[in-house]
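Spelled out, the chains give:
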Amino acid sequence: MRDVMGVININIRDDVLDELTFSRCISSVHFGGHYRLIDFILSSMVNSGIQHAAVFTLQKYRSLVDHLGTGKEWDLNLNSKDEGLSVLHPNLFHSLKYFQGDLQNFYSNMDFFKRSRQKNVLIAGSNMVCNLDFRELVDFHRRSKADITFLYRENDPLLDVSLWRRRLVIGEDGRILSLEPSEKGVDSKQVLLEIFVMSKTLLIDLVENCVINGTGDLLHDGIIKNSNSLKLFAFPAKGYLGVINSPALYYKHSMNLLNPSIRKELFSQPGLIYTKDKDLPPTKYMRSAEVTGSLLASGCSIEGRVENSILFRETRVEKGAYIKDSIILPKCQIAEGAQIEHAIIGKGVSISMRKEIKGRKDNLSVIADRTIM
Amino acid sequence: MHSGKECVAMLLAGGEGKRLGILTRDKAKPALPFGGKYRIIDFTLSNCTNSGIDTVGVLTQYEPLILNSHLGNGSPWDLDRRKGGISLLPPFVRKKGGKWFKGTADAVYQNMNFLEQYNPSYVLIISGDHIYKMDYSMLLEYHQSKDADLTIAVIEVPWEEASRFGILDKNETGRITEFQEKPDIPKNNLASMGVYIFNFDMMKQFLFKDQNNIKSSNDFGKDVLPLMLKSNCRMFAYPFHGYWKDVGTTESLWQANIDLLENNPNLDLYEQHWPIYTVSTNQPPHYLGPEAKVEQSMISDGCTVFGEINHSILFPGVTVGHKTIVKDSIIMSNVIIGSGVKVEKAIIAENSSVGNNSRICRLDNVTEDIIVIREYSIIPHDSIINSTYTFKEIILRTGGKLK
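Calculation rules
- Position numbers for residues start from 1 in each chain and track the written sequence from start to end.
- All chains are assigned letters beginning with A, and all ligands numbers beginning with 1, in the order in which they are written.
- Residue-level local features of this predicted model are given only where pLDDT is at least 70; pairs of side-chain atoms are given and counted only at 80 or more, and the full residue set underlies all totals for whole chains, interfaces and linings.
- The side-chain numbers reported here are obtained from all heavy atoms of the structure, hydrogens and water having been left aside.
- Working definition: helices are DSSP H or I runs of at least four residues, strands are E runs of at least two. Numbering for both runs from the N terminus.
- C-alpha atoms define the radius of gyration in this analysis, and the globule rule sets the expected value at 2.2 Å times the number of residues to the power 0.38.
- In this scheme, a residue with accessible area under 20% of its type's maximum is buried, one over 50% is exposed, and one in between is partly exposed, where area comes from a 1.4 Å probe on protein chains only.
- Residue-level accessible areas treat just the shown protein chains as cover; the underlying method is Shrake-Rupley with a 1.4 Å probe.
- For this count, His and the chain ends are skipped, Lys and Arg are scored as positive, and Asp and Glu as negative.
- Charged groups are reduced to one reference atom each: NZ for lysine, CZ for arginine, CG for aspartic acid, CD for glutamic acid.
- Angles shown run from 0 to 180 degrees and are taken between the N-to-C directions of axes, each axis being a line fitted to C-alpha atoms and, for helices, limited to the stretch in contact.
- If an angle is under 35 degrees, it is roughly parallel; if it is over 145, roughly antiparallel; if it lies from 65 to 115, roughly perpendicular; otherwise it is oblique.
- Less than a right angle of anticlockwise turn of the near helix away from the far helix marks a crossing as left-handed, whereas a clockwise turn marks it as right-handed.
- Throughout, a residue-residue contact means that at least one pair of heavy atoms, one from each residue, lies within 4.5 Å.
- For two strands to be treated as a pair, DSSP must find no fewer than two bridges joining them.
- A residue's pLDDT is the confidence the predictor assigns to it, expressed on a 0 to 100 scale.
- Definition used in this section: a nonpolar core is a set of buried Ala, Val, Leu, Ile, Met, Phe, Trp, Tyr and Cys residues joined via side-chain atoms within 4.5 Å.
- Domains are outlined according to an automatic or database domain assignment.
- Cavities and pockets were defined on a 1 Å grid built over protein atoms only: a cavity is a set of grid points that admits a 1.4 Å probe from which the probe cannot escape, a pocket is an open set flanked by protein on both sides within 12 Å along at least five of seven lines, and lining residues are those with an atom within 4 Å of any such point.
- Grid points are joined across faces, edges and corners, and a volume is the space filled by probe spheres set on the points.
- Residue classes follow a fixed rule: Ala, Val, Leu, Ile, Met, Phe, Trp, Tyr, Cys and Pro count as nonpolar, while Asp, Glu, Lys and Arg count as charged, and any other residue, Gly among them, counts as polar.
- A pair of Phe, Tyr and Trp rings is counted when the ring centres sit within 6.5 Å of each other, with Trp represented by its six-membered ring. The angle between the planes then sorts it: under 30 degrees is stacked, over 60 is edge-to-face, the rest tilted.
- For a ring to carry a charge above it, either NZ of a lysine or CZ of an arginine must fall within 6 Å of the ring centroid while also lying within 35 degrees of the normal to the ring plane.

> Explain the overall build of chain B here, please?
Secondary structure assignment for chain B yields eight helices and 30 strands. Taken over C-alpha atoms, the radius of gyration comes to 22 Å for chain B, in line with the 22 Å a tight globule of 403 residues would show. Overall, chain B is about 65 × 45 × 45 Å in size when its C-alpha atoms are taken along their principal axes. Residues classed as buried in chain B amount to 60% of the 403 residues present. When the accessible surface of chain B is split by element, carbon and sulfur atoms take 48% of a total near 17200 Å². In chain B, 42 side chains carry a positive charge and 46 a negative one; their mean positions are 6 Å apart.

> For this particular structure, what's the right way to read the packing of helix α6 (residues 200–212) of chain B against helix α7 (residues 220–230) of chain B?
When two helices pack together, their arrangement is given by the angle between their axes and by how far apart the axes lie. Residues and elements named next belong to chain B. At a minimum axis separation of 10 Å, α6 and α7 run at an interaxial angle of 115°. Judged by the angle between their axes, α6 and α7 are roughly perpendicular. The handedness of the crossing between α6 and α7 comes out as right-handed. Taken together, the residues of α7 that come into contact with α6 (itself represented by M202, F206, L207, K209 and D210) are F220, D223, V224, L227 and M228.

> Help me understand the environment of N189(B) in this model?
Residues and elements named next belong to chain B. Relative to the elements of secondary structure, N189 occurs in the loop between β10 (176–181) and β11 (190–199). The exposure class of N189 is buried, given its relative accessible area of 13%. Sequence spacing of N189 and R234 is 45 residues, and the spatial spacing of their C-alpha atoms is 21 Å. In contact with N189, other than residues within four places in its own chain, are I155, E156, V157, W159, A162 and I167.

> Would you explain the sheet that holds strand β16 (residues 294–296) of chain A in this entry?
Within a sheet, neighbouring strands are paired by backbone hydrogen bonds and run either parallel or antiparallel to one another. Spatially, β28(A)-β25(A)-β22(A)-β19(A)-β16(A)-β14(B)-β17(B)-β20(B)-β23(B)-β26(B)-β29(B) is the arrangement adopted by the 11 strands of the open sheet, whose pairing is mixed. A strand with exactly one partner marks an edge of an open sheet, and here the two such strands are β28 (365–367) of chain A together with β29 (378–379) of chain B. By the bridge criterion, two bridges tie strand β23 (residues 336–337) of chain B to strand β26 (residues 353–354) of chain B in an arrangement that is parallel. When the bridges of β26(B) are listed, I337(B) appears paired with V354(B).

> Before we go on, may I ask you to explain the confidence of the model for chain B in this structure?
Detailed reading of the predicted coordinates is not advisable wherever pLDDT falls low. Residue and element names in this part refer to chain B. With 94% of its residues at a pLDDT of at least 70, chain B reaches an overall mean of 90. Counting contacts from residues 393–403, a segment whose pLDDT is below 50, to residues more than four positions away or on other chains yields 16 contacts. Interface predicted TM-score (ipTM) for the complex: 0.89; the corresponding pTM is 0.91.

> Whenever I open this one, the nonpolar core confuses me. Can you help?
A general feature of soluble globular proteins is that nonpolar side chains tend to end up buried together. Residue and element names in this part refer to chain A. Grouped together as the largest cluster of nonpolar side chains are 68 residues, with contacts concentrated most on F40, I41, F134, L151, I195 and Y250. Sort the elements by how many residues they give to this core and helix α1 (residues 37–47) lands first, with seven residues. Two domains each put at least three residues into this core: domain 1 (4–268) and domain 2 (284–367). The residues contacting I41, other than those within four sequence positions of it, are I8, A124, G125, S126, C130, F134 and I195.

> Quick question: what am I supposed to make of the sheet that holds strand β24 (residues 342–344) of chain B here?
Residue and element names in this part refer to chain B. Ordered by their spatial adjacency, six strands build an open sheet running β15-β18-β21-β24-β27-β30, and the pairing between neighbours is parallel. Either end of the sheet is taken by a strand with one partner, and the two such strands are β15 (293–295) and β30 (384–385). Inspection of the sheet shows β24 paired to strand β27 (residues 359–360) by two bridges, in the parallel sense. Along β27, the bridge assignment pairs V343 with I360.

> Before we go on, may I ask you to explain the layout of surface pockets in this structure?
The gaps of empty space that remain are located by a probe, the size of a water molecule, rolled over the atoms. Approximately 1200 Å³ is the volume attributed to the largest pocket. Around the largest pocket, the lining is made up of 38 residues, and of these T104(B), S127(B), D129(B), K182(B) and D219(B) lie nearest the centre. The set of elements that each furnish at least two residues to the lining of the largest pocket consists of α3 (104–110), β6 (122–127), β11, α7 and β13 (244–246) of chain B. A total of four residues in the lining of the largest pocket trace back to one element, the largest contributor, which is β11(B). Taken as a whole, the second largest pocket holds about 1000 Å³ of empty space. As for the second largest pocket, its lining consists of 38 residues, and the residues nearest its centre are K72(A), E73(A), S75(B), P76(B) and S280(B). Among the elements of the structure, α2 (62–68) of chain A together with α2 (65–71) of chain B are those that each provide at least two residues to the lining of the second largest pocket. Here the lining of the second largest pocket is built from residues that sort into 11 nonpolar, 16 polar and 11 charged.

> So what exactly am I meant to see when it comes to the pairing of β6(B) here?
The two faces of a sheet get side chains in turn, since along a regular strand they alternate between them. Residues and elements named next belong to chain B. Taking burial as the measure, the six residues of β6 include six buried ones, the bulk of the element. Alternating positions in β6 separate into two faces, Y122, L124 and I126 on one and V123, I125 and S127 on the other, with burial throughout. For strand β1 (residues 7–12) and β6, the ladder comprises six bridges, and the chain directions are parallel. Along β6, the bridge assignment pairs V8 with V123.

> Sorry, what's going on with the packing of aromatic side chains here?
Here a ring pair, both rings aromatic, is described through the centre-centre distance and the interplanar angle of the planes. Counting across every chain of the model gives 25 aromatic pairs over all chains. The interplanar angle of 75° and the centroid separation of 5.7 Å between the aromatic rings of F112(A) and F113(A) together place this pair among those described as edge-to-face. Neither residue differs from the other here; F112(A) and F113(A) are each classed as buried. Through successive ring pairs, a cluster of aromatic residues spans F31(A), Y35(A), F40(A), Y250(A) and F267(A). When the ring centre of Y287(B) is taken as reference, the NZ or CZ atom of R263(A) above it lies at 3.9 Å. Cation over ring: K209(B) sits above F206(B), and NZ or CZ is 4.6 Å from the ring centre.

And the structure:
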């Protein structure tokens, strides 16, 4: 894997989590108690043996840059002699008004690609909850002599396919036989993921051609439009996988973590998921605490009742407060007697005494960061 | 030529902790787990970081393996510096032959070259055995303001324990007038915390003097400090108020951990301006099952609890099965406890496993002893363990069997 560069491509079109992506890009949205979404794809890359990863940001990247730091938590070092982690921001020159898509960001960093010593690139989005081993994908890509190999998913009811709107037909050898547009929606059981591998030379060609033609989206303008002339292959993705592109899916995939087998699969197989350590003490349960069926991060202090919920770090739940079927992001204060049900509570929210926040299973109550209620 | 450092810390971490029995059989006392996720040495190292001391020599000797891997390059404490940072200083061999560090003063003396390369104005001597939060920069300021040769941090200890410590007396200016290491009949309850700031030049002078005395045990408390006092050096006592603990025995280790479970414990791990740093475990958040019951306890990342945890501490990666009750106990990292188990007033050391329906608790409530299960123990199903000694002879790391 030493000749594969990992590229995490952060798209604005993925910032669809309303309140949760209000002040941050999708890649730095909190997930699973103490992670951010980018941890999953970045850890997958590192665990697969990738030693050079580049993160292309677009906007609202302050928290992302802070989170990545020097990359040492992922064993990638920003100033490592072995390339490590690179974080590449968009060129100011391309103001968003004229921004045509991710290609422009790649184009303005062309030197970076040309200079790196890897011959292949593995490009992935950052809105995925997964723990993938990319070695099989890269092996398959080499054996099949493909131009581009995608990961795909079969029969996954939680996968929203609206992004593609294409009928996918995959041959027995894994070759993508057809990628026809389909207006009626997609009935295919197979869905391509935004994870694909190709040679660096091909990427550079695609980027330069698109920019000359004035188009800017790698996936649609670079790959799909040229799908007749490219040898496209697809390889099945194994293990737990969630593509987070709506608040409902965010909630669904979060709550799935309360299932022990999913948690085990996602957090430890094939490798661990790494994240920035916050140096917090363990969570403390007081005499009146009543917590069942829940996932809790460090540094919380619990006096109240928590059921079937996920609590991020440093949240305080006072006596008599009741949290059920909810996700509480870091540093919240839940005061005495407050009741929270079917809700996503943003970072640093204070909920005052006896306040009730009740959503419904099909209509969650989402509270924006730092709200005082 | 190195540009100097104002203050360099020498952290004594070679102690065996004999009275901790099987807990320190394979690791030095500073490497003992404490407080749900830390090792004891994390407290002094974090004190250094939080006090702005960026050069720390760690003197190791007894069983350093776990300590070495824990410290690594010092990055958890921000001690991976281009200049300074953390340096591990084990005993070494010279042309004339090598020898073990004889006493605390000898350990520092043998590493004089390390200190010389930074040529500090002050040397801070601290011990990796103690649990406390202290701003050494305040101590240094005090030392400077008194124009002292040596400043000792002191704390009032209970009279009945005073004979365990170096006891001193001071006049109203804070100048030390008397010093006795572990006196049989203490005249005072003002104890040395084993935290010293020396003027480097003065320290060199007295360490050389002490080395020339062949009768000396080369220990700061026993030899160097009395010698300095006799020579009329300016020695001052810096009064420290707050939590300070030397967990010398299994009982005090257990008690110090359990004390953290109070609503407002004397040692506050949750203070934001004085974080305690440690090596990250990279484990997911902990999970409490649908029938779990957790009260008055501390639980770390990576734990999975299906049973009942009462007045106990779970270190990272612990699993507790259904219908298991853990009470008044300390369960260290990666211990797996099966279902239907009862654990009461015990310390189960790292990486052990306890089979289903086992009992780890005393037969009666008369004995106050804490049951200690050694690391890497594998306790079969249905075992009954009612004292540390029940399980003493079983060396399980190599796969031995329960008799």
